[in-house]
Amino acid sequence: MSRWFRSATRAPAPVLVGAEEEQHLRNVEGALIYLLNDDIAEADRLLTLHNSSYHLLGRGLSRFIASVLASEKDMLKEAVAILVEAENKTWEDMKKAQVEPTAFRSEIYPPGTEYLLCYSVAQLTSAIAGVISGSVTEAVKGFMKLRKAFLTLDTMMAQETAYLKEKTASLKATGVTFTPPQTRDANSLRVPLPGVYDKQDGDLESPLEFVDALESPSESSNASPEFATISEKFAQQDLTDNVTNTPDSSRPTTPGAPNSTLGDEIDPALFATIFTHHTDIFIHSGIRLCFGLLLIVFSMIENPVFSKILYLIGFKGDRIRGAQLVWQATRFSNFNSAIAGIALLAYFNGLVGCCDILPTDPEADYDLSGFPQARMDSLLGEMRARYPESKLWKLEEARQNAHNKNLGGAIKILEENSNAKMKQIVVMTLFEMALSSMFYHDYTLCAETWLKCIDLSTWSPTLYAFMVGAAYLELYRSTRVSDPVAAKKWKEKATIYMKKGPPLAGRQKVMAKQLPFDTYVVQKVQKWEERAKSWNVDLVDAIGVSPLTEMCYSWAGVKKMGPKELQKSLDTLEWSRTSEPERLKTTLDETAVHALLKACVLRNMGRVEESKTLLQEEILCHDRHEFKGHLREDWSLPNAHYEMACIAWLEKDLPGYDTRAKLLECEEWLEKTRNWPESYVLETRMSFKVSTALITVRRHKNIMD
């Protein structure tokens, strides 16, 4: 009897209604756009109006974006908690959508796919949070979630492609002609995984085996039976047919573009015919955004521990295809499109743009394997037109100015952008302004901006303090002879901040390891302290080659400098600026770093022969073992090899040189750098440059062949 009464009084579970679901989706997308437009209050208000799966995921994404932009761990924990709740909610709604007739029904995707996408987004986001949390355990859990999300998204793309092929064929039968989706072997994206791929031919043994990655958050073994509707429909087609290669229609072809094509593309006329519902477009753009980002992220992982984990779970990246997919997601006026735009601009401006060896052929401005300047300009203009209030686009505009060697213009934009309402955007703006002022050799502004970073951000107080000290050191050296009173003040400040950094090291960790720049700073300061004691001088007077110029090199600032800044860099490297020049010039550690930095500056000034001679006579003539030892600058020799590769890349286009021979020489130096037998400080930063350079070199070889 009691069971009857309890069941009679229990409130029925809310029924999913297609129109209401779409409205919730539109509301959340609008709220997140408010967030990007720097209207936090309105975004928070809209995200808390309902407790739908979309609203819950939106709140998790909002917290996650805020935490990542500012590198705040406490906010990251809060985001993870909401995202876990969103995983549970979206999974439940996915199962409900499969059986409730009033739920949204797509002609393209199985019932509940929109919630499966949300579930994957929640998994993907919380996985990234786990990887960057600092905990090895959470990072490993995060990689397993990445595997689940990857398999889910891969399969959804395969299902979509199968439908489009079928639709193309049926329309063709009626006399309507579209370009059919083409295929590419899925093995280019994965390495063999026991139980998933046949060991002989690499084909999927059964598409249904991907379901083991989709268990309910509360289960640990088998997938929910209710998921059969989707999994069975996915199983009806071959997962190798999941890639199309048709012209880019993500936006009108850029005027003058030689060949604007992207893979995984859909005929624009076919797209307009089929994708007419807002939810279908949300799924389509979301799949491409998330899957593309995964491919890019996987391709950039150079850390051996991370790489091993990726190998064990069966995946490898594809940065070009990933960029193509994310680019396609930018065509829509929705939140997925905005995030795709931010991701692409950050990827190209913040990572690829820092590389030295990039395509130089006539199609380089449009090729996604390098730095597609024309496309980036077009994308930035389009995004600013769509979201005029967003400070994020101004930040990217500043980065592009810096990339174009207009550091003064970049600083001006960043100064205007520092009044954002979101603390996270303010922190990003200040960080970028601190770097730009450092490259610009405005030491006062540089020190002031890094000090603001110390107050607002907890990401790397060790690095921030070191940068402040390095800026004050340059002010000390500039006044040491001409103004002893001012020099004394700058010397005291430089000493305070140089000593302040090392005790703060280790507060932020990735996979339980100290941040690379924290390790770098600790070793540097320790070396100077030991030298000061040995030479019986003050700490600041024991410092050799300009640490600020060294930081410009490490943060790819030299390539962003114009003629005036490059000359100032040469000036900072004069031995006469140091307090103990004669002692320093007899130390291999100092002379090697000095030669490396000077060679880089000379190369960027076009003085290639001088640069090459300096590297050969000051660094490459020494044996590798000479750079090993306690607190030695072990990074200077592998970086010198990379510099030789950069020089060979430049020489291939100069008169009097054999282009193919120089291309092969460049590749040889890069391979030596990539296969360096020992690890060294800041190796990960160099690894990305080398991998990007090798992609560029091999592309150029293909063009020549």
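Our subject is the structure that appears above.
On a predicted model such as this, the values are computed, not experimentally measured, just so you know.

Details of the overall build of the protein
In terms of helices and strands, the protein carries 29 helices and four strands. Residues counted as buried form 59% of the 705 residues belonging to the protein. By element, 54% of the accessible surface of the protein is carried by carbon and sulfur atoms, the whole surface being about 28600 Å².

A look at the state of the cysteines
Under the definition given, this model contains zero disulfides. Sulfur of C354: no disulfide; nearest cysteine sulfur belongs to C355 and is 6.9 Å away. C446 supplies the cysteine sulfur nearest to C453, a cysteine that is in no disulfide, at a spacing of 9.6 Å.

Let's talk about unusual backbone geometry
If you check the backbone angles, D38 has positive phi at about 70° while not being a glycine. Residue class for D38 comes out buried when judged on its relative accessible area of 6%.

Considerations on the pattern of salt bridges
Inspection of the entire model under this criterion finds 42 salt bridges. Residue R288 pairs with E160 through a salt bridge whose shortest N-O separation is 3.0 Å. Remark: E160 occurs in helix 7 (residues 136–173) and R288 occurs in helix 10 (residues 278–300); sequence separation between them is 128 residues. Across the pair, E160 and R288 agree in class, each one buried. Here R607 ties to E610 by a salt bridge, and the two come within 2.8 Å at their closest N and O atoms.

Re the environment of N639
Mapped onto the secondary structure, N639 falls in helix 27 (residues 636–651). Look at N639 and you get buried, because its relative accessible area is 6%. Measuring from C-alpha to C-alpha, the distance between N639 and T673 comes to 7.6 Å, with 34 residues separating the pair along the chain. Among residues more than four places away in sequence, those in contact with N639 are Y553, L596, Y680 and M686.

Observations regarding a nonpolar patch on the surface
A contiguous nonpolar patch, built from V68, I128 and I132 and spanning about 200 Å² of accessible area, is present on the exposed surface. In this fold, V68 is placed in helix 4 (residues 53–70). Relative accessible area serves as the criterion here: at 36%, V68 is assigned to the partly exposed category.

Looking at the side chain of R288
A residue is classified by how much of its surface remains accessible, and R288, at 3% relative accessible area, is buried. There is a polar contact of 3.0 Å between the side chain of R288 and the side chain of E160.

Focus on helix 20 (residues 484–500)
End to end, helix 20 covers 24 Å across 17 residues, agreeing with the expected 24 Å (1.5 Å per residue, within 8%). All of the buried residues along helix 20 are A486, A487, W490, K491, A494, T495, Y497 and M498. On its buried side, helix 20 packs onto helix 18 (443–456), helix 19 (461–479), helix 21 (516–535) and helix 22 (547–554).

Section: helix 17 (residues 423–439)
Compared with an ideal rise of 1.5 Å per residue, which puts 17 residues at 24 Å, helix 17 spans 24 Å between its outermost C-alpha atoms and is within 8% of the ideal. With 16 of its 17 residues buried, helix 17 lies for the most part within the structure. Where helix 17 terminates, the next one or two residues include H441, which has phi positive at roughly 65°.

Side note on the side chain of T692
For T692, the location among the structural elements is in helix 29 (residues 683–704). Discounting chain neighbours no more than four positions away, the residues touching T692 are R319, C355, I357 and L358.

Notes on the packing of helix 21 against helix 22
Contact pair helix 21 / helix 22: the axes reach a minimum separation of 14 Å and the direction vectors enclose 155°. Viewed along their axes, helix 21 and helix 22 adopt a mutual orientation that is roughly antiparallel. Judged by the sense of rotation from one axis to the other, the crossing of helix 21 with helix 22 is right-handed. Contacts from F517, Y520, K524 and W528 in helix 21 reach P547, E550, M551 and S554 in helix 22. Across the contact of helix 21 with helix 22, the residue classes break down as five nonpolar, one polar and two charged.

Structural notes on the packing of aromatic side chains
Taken as a whole and judged by the stated rule, the model has 21 aromatic pairs. Taking the centre distance of 4.5 Å and the plane angle of 15° together, the rings of F271 and F275 count as stacked. F275 shares its class with F271; the two are buried. The rings of F431, W450, W459, Y464, F466, F517, Y520, W528 and W555 are connected pair by pair, giving a single aromatic cluster.

The rules behind the values
Residues numbered from 1 in each chain as written. Predicted model: local features only at pLDDT ≥ 70, side-chain atom pairs only at ≥ 80, totals over all residues. Heavy atoms only, no water. Helix = DSSP H or I, 4+ residues; strand = E, 2+ residues; numbered from the N terminus. Buried < 20%, exposed > 50% of the residue type's maximum accessible area, 1.4 Å probe, protein only. Areas by Shrake-Rupley, 256 points an atom, 1.4 Å probe, with all protein chains shown as cover. Disulfide = S-S within 2.5 Å. Salt bridge = Lys/Arg side-chain N within 4 Å of Asp/Glu carboxyl O. Contact = heavy atoms within 4.5 Å. Patch = residues over 30% accessible without salt bridge, like charges linked within 9 Å, V, L, I, M, F, W, Y side chains within 5 Å. Polar contact = N/O pair within 3.5 Å; in protein donor to acceptor, adjacent residues only side chain to side chain. Expected span 1.5 Å × (residues − 1). Axes fitted to C-alpha atoms, helices over the stretch in contact; angles between N-to-C directions. Parallel < 35°, antiparallel > 145°, perpendicular 65-115°, else oblique. Left-handed = near helix turned anticlockwise from the far one by under 90°. Nonpolar A, V, L, I, M, F, W, Y, C, P; charged D, E, K, R; others polar. Phe/Tyr/Trp six-rings, centres within 6.5 Å; stacked < 30°, edge-to-face > 60°.

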